[in-house]
Amino acid sequence: MIESILLGTYTKQTSKGVYQIDLDTDSKQLTNLQLVTEVENPTYLALSKKNILYAVDRFDNQGGLSVTDLYSPQNVLQHIVTPGTPPAYVTVDEKHQFVFDANYHEGTLHAYSINNDHTLTLDSTFTNTGKGPLKEQDGSHLHYVDRTPDGKLIACDLGTDQVFVLDYDSTGFKIISTFETTPGFGPRHIVFNNTGDTAYLVGELSSSVAVLNYKDCQLTHLQTIKTIPDDWNQHNGCAAIRITDDSRFLYVSNRGYDSIAVFEIQADGQLKLIQNISVEGSFPRDFALSHEQNLLVVGNQTTNNLSLFERNSNDGKLELIQKDVAAPEVVCVHFK
């Protein structure tokens, strides 16, 4: 069986935009890298059920999103951009027909309505202010926004050490609750277990994961655990975080230590580190699990390569099965 993977990239060196590569799940090999659509710096991707790609975009020295119909990917339907930098994250809300993005440099969230022709109309903007104790926290750096299991929005601000639970309707964004992490934690992305009562928050700046209880739109702290060895004294920044569908295992990428940290989820929701495996490359900004969740693909940004791992569904551990697969400046890995 062939599973297709979209790759978001920076286009600072040789990359031309969004690529696709095939994963043969029988031979367990990555093959057939192809350019899908030419967009500048499509660093994060979201794909609708109608095969419409919403990608981070830099266009005419402005930042925003591009809209591409993947049935005709040579023609970008829309560049919806404004003066300033592109966002860091984008997601599609299929149920309500919205697209949301989070802009790290601007400290903003945007909500867009999806029009009948799949293009976007900007509806509302949320702006945060503040800063944290570290040099990377010189202002608000909203890095993530997506739906919670109970249909709210959740947003991570790396710069202010805050996680917001929000409502969104025709009047705009409304904060329901605010969770404050430890100073310097640097919240980047968050995932939930399959019952929706436990969240796992990755701290980019602290190289750690916080386990949080989620109830009545409130987050409370249960545990914090490191993603790297205690004796690692060089730079590291956590990036992507993924949880298995059965909520038994959690995976986090380390940029600097250049590994995937593997955690077993205990009966009480807390984490136990069981493996830290090299990604066979540098700066693994993103990775993703295959649809059957038995394979894991890592994009290594600075070494321009992909690595493929097989995942043991019983103990959660990873085994390298393919490395040095050429792919330029990969920063987002998205299974179609």
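You'll find the structure just up there.
Residues numbered from 1 in each chain as written. Predicted model: local features only at pLDDT ≥ 70, side-chain atom pairs only at ≥ 80, totals over all residues. Heavy atoms only, no water.

Enquirer: Honestly, the environment of Leu-158 in this entry has me stumped. Any pointers?
Expert: Within the fold, Leu-158 resides in the loop between strand 13 (153-157) and strand 14 (162-169). With 45 residues separating them in the primary sequence, Leu-158 and Ser-113 have C-alpha atoms 26 Å apart. Ignoring anything within four residues of it in the chain, the contact list for Leu-158 reads Tyr-104, Glu-136, Gln-137, His-141, His-143, Gly-186, Pro-187, Arg-188, Glu-204 and Leu-205. (Helix = DSSP H or I, 4+ residues; strand = E, 2+ residues; numbered from the N terminus. Contact = heavy atoms within 4.5 Å.)

Enquirer: Explanation requested: unusual backbone geometry in the structure shown.
Expert: With the exception of glycine, the majority of residues adopt a negative phi angle, and the majority of peptide bonds are in the trans configuration. Positive phi, normally seen in glycine, also occurs at Asp-258, with a value near 55°. Position of Asp-258 among the secondary structure elements: in the loop between strand 21 (249-255) and strand 22 (259-265). Positive phi, normally seen in glycine, also occurs at Gln-293, with a value near 65°. Here Gln-293 lies in the loop between strand 24 (284-289) and strand 25 (295-300).

Enquirer: Would you explain the sheet that holds strand 1 (residues 2-9) in this entry?
Expert: Strands in a sheet are paired, the pairing made by backbone hydrogen bonds, and the direction either parallel or antiparallel. As summarised here, the arrangement of the four strands in space is 3-2-1-28, forming an open sheet in which the pairing is antiparallel. Pairing within the sheet leaves two strands with one partner each, and these edge strands are strand 3 (29-38) and strand 28 (330-335). Sheet twist, expressed as the mean angle between neighbouring strand axes with direction ignored, is 25°. In this sheet, strand 2 (residues 17-24) lies alongside strand 1 in antiparallel orientation, the contact comprising six bridges. (Pairing = 2+ DSSP bridges. Axes fitted to C-alpha atoms, helices over the stretch in contact; angles between N-to-C directions.)

Enquirer: I'm lost on the sheet that holds strand 19 (residues 218-226) in this one. Help?
Expert: Strand order in the open sheet formed by four strands is 16-17-18-19, and the pairing between neighbours is antiparallel. Among the strands making up the open sheet, the edge pair consists of strand 16 (187-192) and strand 19. Taken pair by pair, the neighbouring strands of this sheet meet at an average axis angle of 25°, ignoring direction. Pairing between strand 18 (residues 208-215) and strand 19: eight bridges, direction antiparallel. In the strand pairing of strand 19, Tyr-214 is matched with Leu-219.

Enquirer: Looking at this structure, I do not really get empty space enclosed by the protein. What am I missing?
Expert: With a probe scaled to a water molecule rolled over the atoms, the places where space remains empty come into view. Here the structure, examined in full by the defined rule, presents one cavity of 30 Å³ or more. By volume, the largest cavity is sized at about 80 Å³. If you trace the largest cavity, you find it lined by Thr-43, Tyr-44, Ala-88, His-143, Arg-188, His-189, Ala-240, Arg-242, Arg-285, Asp-286 and Val-331. At the level of secondary structure, the elements contributing two or more residues to the lining of the largest cavity comprise strand 16, strand 20 (237-243) and strand 24. The residue inventory of the lining of the largest cavity, partitioned by class, reads four nonpolar, three polar and four charged. (1 Å grid on protein atoms, 1.4 Å probe; cavity = no way out; pocket = protein on both sides within 12 Å on 5 of 7 lines; lining within 4 Å. Points joined across faces, edges and corners; volume = space filled by probe spheres on them. Nonpolar A, V, L, I, M, F, W, Y, C, P; charged D, E, K, R; others polar.)

Enquirer: Would you mind going over the pattern of salt bridges with me for this structure?
Expert: Pairing is possible between side chains that carry opposite charge, provided their charged atoms lie close to one another. In total, this model carries nine salt bridges according to the counting rule given. For Glu-204, the salt bridge goes to Arg-255, with nearest N and O atoms at 3.2 Å. Taken as a pair, Glu-204 in the loop between strand 17 (198-203) and strand 18 and Arg-255 in strand 21 lie far apart in primary sequence, 51 residues in all. Overall, the relative accessible area of 14% leaves Glu-204 in the buried class. Here Arg-242 makes a salt bridge to Asp-286, at a shortest N to O gap of 2.8 Å. With a gap of 44 residues between them, Arg-242 in strand 20 and Asp-286 in strand 24 connect regions that are remote in the sequence. When its relative accessible area of 23% is taken as the criterion, Arg-242 is described as partly exposed. Salt bridges sharing partners connect three or more residues here, namely Arg-188, Glu-204 and Arg-255. (Salt bridge = Lys/Arg side-chain N within 4 Å of Asp/Glu carboxyl O. Buried < 20%, exposed > 50% of the residue type's maximum accessible area, 1.4 Å probe, protein only.)

Enquirer: Please clarify how the nonpolar core should be interpreted in this entry.
Expert: Side chains that are nonpolar tend, in soluble globular proteins, to be buried together. Core analysis: the biggest nonpolar cluster contains 54 residues, and Tyr-54, Val-99, Leu-109, Leu-120, Phe-173 and Leu-219 have the highest contact counts within it. Contact partners of Leu-120, with chain neighbours within four places excluded, come to Tyr-54, Leu-65, Val-67, Gln-78, Ile-80, Val-99, Tyr-112, Ser-113, Ile-114 and Asn-115. (Core = buried A, V, L, I, M, F, W, Y, C linked by side-chain atoms within 4.5 Å.)

Enquirer: Would you mind showing me how to read the layout of surface pockets here?
Expert: Empty space within the largest pocket amounts to approximately 1,100 Å³. Among the elements of the structure, strand 4 (45-47), strand 8 (89-93), strand 12 (142-147), strand 16, strand 20, strand 24 and strand 28 are those that each provide at least two residues to the lining of the largest pocket. Counting residues per element, the lining of the largest pocket draws most heavily on strand 8, at five residues. Partitioned by chemical class, the residues of the lining of the largest pocket number 21 nonpolar, ten polar and five charged. There is about 600 Å³ of room inside the second largest pocket.

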